[in-house]
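A structural walkthrough
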Amino acid sequence: MAVGNLEFIKSASGTNVSSLSVTDCFSADYDVYKILQTNYTPLSASSQSVMRLINSSGSVISTSDYDYGSLFMPSYSSFVEDRSTSSTFIMDGLSNDQNDTVGGGAVYYLFNPFSSTSYTFGIGQLSNFNTGSGMFARKDIGVLTTTASITGVQFISTGSANITTNIKVYGLASN
Amino acid sequence: MPLGASRFGLLGGVADLGKLELIETQTYSSAVSVIDFTSIQESTYNVHFMTCSQMSAATDNIHTMNIRLFENGVVETSGVYQTARQNAGLNPSVGFNESRSTSANKIALQFGSGTATGENESAYIYFYNLGDSSKYSFVTHQSVGLTNDSYFMSAFGAAALPQASTVDGIRLATNSGNYNDFKVSLYGIAES
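No experiment lies behind these values; they were computed from the predicted model shown. (Residues numbered from 1 in each chain as written. Chains lettered and ligands numbered in written order. Predicted model: local features only at pLDDT ≥ 70, side-chain atom pairs only at ≥ 80, totals over all residues. Heavy atoms only, no water.)

1. Details of the overall build of chain A
A count of helical and extended segments in chain A gives 0 helices and 13 strands. By the compact-globule yardstick of 16 Å for 175 residues, chain A fits well, its C-alpha radius of gyration being 15 Å. Overall, the C-alpha framework of chain A stretches about 45 × 30 × 30 Å when taken along its three principal axes. Counting across all 175 residues of chain A, residues that qualify as buried make up 59%. For chain A, restricting intrachain contacts to residue pairs at least 6 apart in sequence, the fraction spanning at least 24 positions comes to 72%. (Helix = DSSP H or I, 4+ residues; strand = E, 2+ residues; numbered from the N terminus. Rg over C-alpha atoms; globule rule 2.2 N^0.38 Å. Buried < 20%, exposed > 50% of the residue type's maximum accessible area, 1.4 Å probe, protein only. Contact = heavy atoms within 4.5 Å.)

The following block contains the structure:
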């Protein structure tokens, strides 16, 4: 294990996929993880990605066990609050129409994912662009309301389009 | 929000300093109105991280954290930035409200600070895709500080320079006059 402040753990890149998973990236080594999502492009239609968690059995948690809140902040219209106490995802990811010059950028933090005695909490912030409208931001919070031990993360396209995106996972040292 | 502590260690005699790699720190030494980072290693890093602290100006109610980006060595000053910001302040005239624009000539992180003790601003900022000439450049930010009336204030938001171009520099500036204190550090986040 590297002993710097921010340790690179794992990355994944997907091209023309319906979802992208980074498995076996959370462990007892860290309590806090940083995740970067970049270069998001839907390939056949506009699409949004969302984040789900992967448990220690390798299964994606897609049930309504997440609470989530997001402030949608467009540069072109009033801000909108999105929220749910029975969500099937923990946080919003990047979204886009089919403009591959956009890409976008997002940073997320997950707290205590590997713990089997604590919920997994998340916060996130992203900047993205809709070609038809303009730049928009999101400020996200989310929690998995079970004490499942989480070992990975998945970004899935919520639309019919396959996607291209890059994910990088880092652990934050605390000593 | 940024967490973690620096630590050093030796692996086979080689120090691994982690993947948050310091590019440059600039601290106040004399009255200036802009803080330019012109060697940002944009071809090395796809994601940059900046911290700002002790940001204050010579006079009251001055915005100390306005961002502009350099493209091929020229700072972009036209109304081409798109911005969205949620303000959260105890100042009764500001409160909790939205700021947004599709034609801004800068990315403003927060409203004005002051000159009295404690009346300064801090922030962290992420930059994405600066060195990718085929992609737009994106920014996310969060800030905190005291106004010139010593009201607590905070803001978070994002911005884009919706031009497929290479960004090779970052400018921080006041909206008027000079700084009288600042400390700004720029990092690259290594990808392996």
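2. Some remarks on the sheet that holds strand E3 (residues 32-42) of chain A
Residues and elements named next belong to chain A. In spatial order, the strands read E1-E13-E3-E9-E10-E11-E6-E7; together these 8 strands make up an open sheet with antiparallel pairing. The open sheet has two free edges, formed respectively by strand E1 (6-17) and strand E7 (80-87), since each of these has just one partner strand. With direction set aside, neighbouring strand axes in the sheet form an average angle of 15 degrees. Bridging between strand E10 (residues 120-130) and strand E11 (residues 134-144) involves 11 bridges; their strand directions are antiparallel. Note that in E11 the partner of Gly122 across the bridge is Gly142. (Pairing = 2+ DSSP bridges. Axes fitted to C-alpha atoms, helices over the stretch in contact; angles between N-to-C directions.)

3. Overview of unusual backbone geometry
Here the phi dihedral of Asp24(A) falls at roughly 50 degrees; this positive angle occurs in a residue that is not glycine. Position of Asp24(A) among the secondary structure elements: in the loop between strand E2 (19-22) and E3. The phi dihedral of Asn129(B) is positive, around 65 degrees, even though this residue is not glycine. Here Asn129(B) lies in the loop between strand E11 (121-128) and strand E12 (137-146). Residue class for Asn129(B) comes out buried when judged on its relative accessible area of 0%.

4. Looking at the pattern of salt bridges
Inspection of the entire model under this criterion finds 6 salt bridges over all chains. We note a salt bridge from Arg138(A) to Asp92(A), for which the minimum N-O separation is 3.4 Å. Note that Arg138(A) is positioned in strand E11 and Asp92(A) in strand E8 (residues 91-96), a separation of 46 residues in sequence. In this structure Arg138(A) comes out as buried when scored by relative accessible area, which is 10%. Classification of Asp92(A) by relative accessible area gives buried; the value is 2%. Between Arg171(B) and Asp36(B) there is a salt bridge whose closest N-O contact spans 2.7 Å. Separated by 135 residues along the polypeptide, Arg171(B) in strand E14 (residues 167-173) and Asp36(B) in strand E4 (residues 34-37) bring together distant segments of the chain. Several salt bridges share partner residues, and in doing so they unite Asp82(A), Asp92(A) and Arg138(A) into one network. (Salt bridge = Lys/Arg side-chain N within 4 Å of Asp/Glu carboxyl O.)

5. Quick word on the interface of chain A and chain B
Counting from both sides, the interface comprises 48 residues of chain A and, opposite them, 50 residues of chain B. Carbon and sulfur atoms make up 63% of the surface buried where chain A meets chain B, a total of about 3,800 Å² over both sides. Taken together, the connections running from chain A to chain B amount to 1 salt bridge. The partner of Glu191(B) in a salt bridge is Lys168(A), with the nearest N and O atoms 3.7 Å apart. On inspection of chain A and its partner chain B, the count reaches 15 residue pairs in polar contact (both at pLDDT 80 or more). At the level of secondary structure, the elements contributing two or more residues to the side of chain A that touches chain B comprise E1, E3, strand E6 (66-74), strand E9 (103-111), E10, E11 and strand E13 (163-172) of chain A. Class assignment for the residues of the side of chain A that touches chain B results in 25 nonpolar, 18 polar and 5 charged. (Buried area = accessible area lost by both parts, 1.4 Å probe. Polar contact = N/O pair within 3.5 Å; in protein donor to acceptor, adjacent residues only side chain to side chain. Nonpolar A, V, L, I, M, F, W, Y, C, P; charged D, E, K, R; others polar.)

6. Side note on the side chain of Lys19(B)
Tracing the sequence through the fold places Lys19(B) in the loop between strand E2 (14-15) and strand E3 (20-27). Of the residues examined, Lys19(B) reaches a relative accessible area of 18% and is grouped as buried. Setting aside anything within four residues of it in sequence, one finds Lys19(B) in contact with Asn5(A), Leu6(A), Glu7(A), Phe8(A), Tyr170(A), Gly188(B), Ile189(B), Ala190(B) and Ser192(B).

Without other data, these values stay purely geometric and don't point to any function.
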